[in-house]
Amino acid sequence: EGAPTESAMCRFSGTWHAIKVEGRDDFLKSMSLPWILRTIAATMPPPDMLFFIHDDTFLHSHTVMFGKVVDEQYKEGGSSSKSRFGVTTTLTYHWEGDSLTYTLTKSGSPEEETKSRRWIEPDGTTMVAETHFRKTAAVPWVILRRTYVRVSAEQKSGAALCGLE
């Protein structure tokens, strides 16, 4: 664990397109989502993801979800919290070697756990994201696995760092 290498961040940089989703229905069922929401989710492909190294030297991503751009900053040990309906959700990022991980915990009710790991395969053009979820510690983890391919190596910033200038 620790700060990522420049090489690790550069391997993530670019635009990624989902080509395969495994375990989505079981994952959504484990979250107790109603059938209609699971059915709608099944028709929606995962959004493309743009990863880039910002001028602050941290890896960032932009994803458009439901018409809104979601910007995430993957700073070692960085976290963010949001509170809604009396439940505080905290997301914490860590690098484990060349893998980007996060944990998401909820305080209040319900006591849910989520952890995720994202890595680039040795071919350099395939990214895999595995997310594990469980409602309580008494039930087994359910796994959602998404496979992406790199569609471009463009950079919004940090191009010199990755040797792309």
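Our subject is the structure listed above.
Keep in mind it's a predicted model, so treat the numbers as computed, not measured.

A. Inspection of the overall build of the chain at higher detail. Each helix and strand counted, the chain has 3 helices and 10 strands in total. Walking the chain from its N terminus toward its C terminus, one meets helices and strands in the order α-β-α-α-β-β-β-β-β-β-β-β-β. Here the chain holds 165 residues, and the buried ones make up 36% of them. Here the analysis covers contacts within the chain between residues at least 6 apart in sequence; of these, 45% occur between residues at least 24 apart. Carbon and sulfur atoms provide 57% of the accessible area of the chain, an area that totals close to 9300 Å².

B. Summary view of the pairing of strand β9 (residues 126-134). When you tally the buried positions in β9, you get 9 out of 9 residues, the bulk of the element. Side chains of β9 alternate between two faces, with Thr 126, Val 128, Glu 130, His 132 and Arg 134 and Met 127, Ala 129, Thr 131 and Phe 133 buried alike. Two elements, strand β8 (residues 113-120) and β9, share 8 bridges in a ladder whose sense is antiparallel. Bridge pairing in β9 places Trp 119 opposite Val 128. Here β8 folds back onto β9, and the loop between the two strands holds 5 residues, one of which, Gly 124, carries a positive phi near 75°. The sheet contact formed by β9 and strand β10 (residues 142-152) spans 8 bridges and is antiparallel.

C. Quick look at the pattern of salt bridges. Under the definition given, this model contains 6 salt bridges. Here Glu 130 ties to Arg 145 by a salt bridge, and the two come within 2.6 Å at their closest N and O atoms. Here the residue Glu 130 occupies a position in strand β9, and Arg 145 occupies one in strand β10, the gap between them amounting to 15 residues. Via salt bridges that share partners, Glu 22, Glu 130 and Arg 145 belong to a single interconnected network.

D. Just the nonpolar core, in detail. Phe 12, Phe 51, Leu 59, Tyr 74, Trp 95, Met 127 and Tyr 148 are the most contacted members of the largest nonpolar core, which has 20 residues in total. In contact with Leu 59, not counting residues within four places along its chain, are Met 9, Phe 12, Ser 13, Phe 51, Phe 52, Ile 53, Glu 72, Gln 73, Tyr 74 and Trp 95.

E. The arrangement of the side chain of Thr 147 in detail. Take Thr 147: it is sitting in strand β10. A relative accessible area of 12% places Thr 147 in the buried class. With sequence-adjacent residues up to four places away left out, Thr 147 is seen in contact with His 17, Ala 18, Ile 19, Lys 20, Glu 22, Thr 126 and Met 127.

Calculation rules
Residues numbered from 1 in each chain as written. Predicted model: local features only at pLDDT ≥ 70, side-chain atom pairs only at ≥ 80, totals over all residues. Heavy atoms only, no water. Helix = DSSP H or I, 4+ residues; strand = E, 2+ residues; numbered from the N terminus. Buried < 20%, exposed > 50% of the residue type's maximum accessible area, 1.4 Å probe, protein only. Contact = heavy atoms within 4.5 Å. Areas by Shrake-Rupley, 256 points an atom, 1.4 Å probe, with all protein chains shown as cover. Pairing = 2+ DSSP bridges. Salt bridge = Lys/Arg side-chain N within 4 Å of Asp/Glu carboxyl O. Core = buried A, V, L, I, M, F, W, Y, C linked by side-chain atoms within 4.5 Å.

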